[in-house]
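# Structural features, examined
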Amino acid sequence: MTITITAFERSPDGGMGLARDTRVRWALEEVGQPYEVRLVSFAALKQPAHLALHPFGQIPTYEEGDLALFETGAIVFHIAARYEGLLPADANARARAITWMFAALSTVEPPILELTTAKLIEADKPWSKDRVPLVEERVRARWRQLSARLGAAEWLDGAFSAGDLVMASVLLRSRKSGILDEFPNLAAYVARAEARPAYQRAFAAQLAVNAPH
Ligand SMILES: N[C@@H](CCC(=O)N[C@@H](CS)C(=O)NCC(=O)O)C(=O)O
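Residues numbered from 1 in each chain as written. Predicted model: local features only at pLDDT ≥ 70, side-chain atom pairs only at ≥ 80, totals over all residues. Heavy atoms only, no water.

### Thoughts on empty space enclosed by the protein
In this approach the atoms are scanned with a rolling probe the size of a water molecule, which exposes any empty space left behind. Scanning all chains against the criterion turns up three cavities of 30 Å³ or more. Approximately 60 Å³ is the volume attributed to the largest cavity. Taken together, Gly17, Leu18, Ala19, Arg20, Thr22, Arg23, Trp26, Ser169, Leu172, Arg173 and Tyr199 make up the full set of residues lining the largest cavity. Among the elements that line the lining of the largest cavity, the one with the most residues is helix H1 (residues 21–30), at three residues. A per-class count over the lining of the largest cavity returns five nonpolar, three polar and three charged. (1 Å grid on protein atoms, 1.4 Å probe; cavity = no way out; pocket = protein on both sides within 12 Å on 5 of 7 lines; lining within 4 Å. Points joined across faces, edges and corners; volume = space filled by probe spheres on them. Helix = DSSP H or I, 4+ residues; strand = E, 2+ residues; numbered from the N terminus. Nonpolar A, V, L, I, M, F, W, Y, C, P; charged D, E, K, R; others polar.)

Listed below in structure tokens is the structure:
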């Protein structure tokens, strides 16, 4: 069955891998499933055809036969559950890998998104320069805890899993803040994730769409 995802026709980051279709492409590459991409303009995201697929008018979406999904957590979970390679066979290890997916999206990602909002969207507000350091400290607090848990391990819980895929995707989005470099084991964790051939293929595919031509 053909898998089709949506991605930005023109990504605001110019294809540096920050748009969230990258994590879905990465998951599909890890499990060896071919996929097609439908590129969507910002205007089309808010039109009825796309809103029928994604109620919040965003990318990515995922279609496979008569199944249509949105939200990267749900999409990566679906891919990991349906195809071999991203979740351990042992039931408890599987549950823990899923826990890391949720932790990435509901505990680690929110302060990172808040920082992006504070730096980009609220930059012209008079209180912005006081708020940014507070939010940075919230990001740091979470990363300190994550760094302590990871320690010297290669991945969060045994072999690389969907939990690592989502966590690394979340962390690498905030590289520009410089905070990642304060935690050498997390920076090395992200570098290991990015070095995976599946990530490289996913990154190259979305860059190819966005590179100037
Ligand atoms: N929680 C959603 C977030 C999706 C999201 O924020 N997508 C961004 C691109 S990375 C988007 O479509 N932004 C355009 C918009 O919101 O209008 C997920 O993980 O899928």
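### Brief notes about the nonpolar core
Core analysis: the biggest nonpolar cluster contains 54 residues, and Trp26, Tyr62, Ile79, Trp143, Met167 and Tyr189 have the highest contact counts within it. Those elements that provide at least two residues to this core are strand S1 (3–8), H1, helix H4 (72–82), helix H5 (91–121), helix H6 (128–150), helix H7 (162–172), helix H8 (184–194) and helix H9 (197–210). Here the element with the most residues in this core is H5; it accounts for ten residues. Once residues within four sequence positions are removed from consideration, Trp143 is found in contact with Val108, Ile112, Leu171, Ser174, Ile179, Leu180, Phe183 and Leu186. Of all hydrophobic cores here, the second largest spans five residues; its members include Phe8, Val40, Leu45 and Ile59. (Core = buried A, V, L, I, M, F, W, Y, C linked by side-chain atoms within 4.5 Å. Buried < 20%, exposed > 50% of the residue type's maximum accessible area, 1.4 Å probe, protein only. Contact = heavy atoms within 4.5 Å.)

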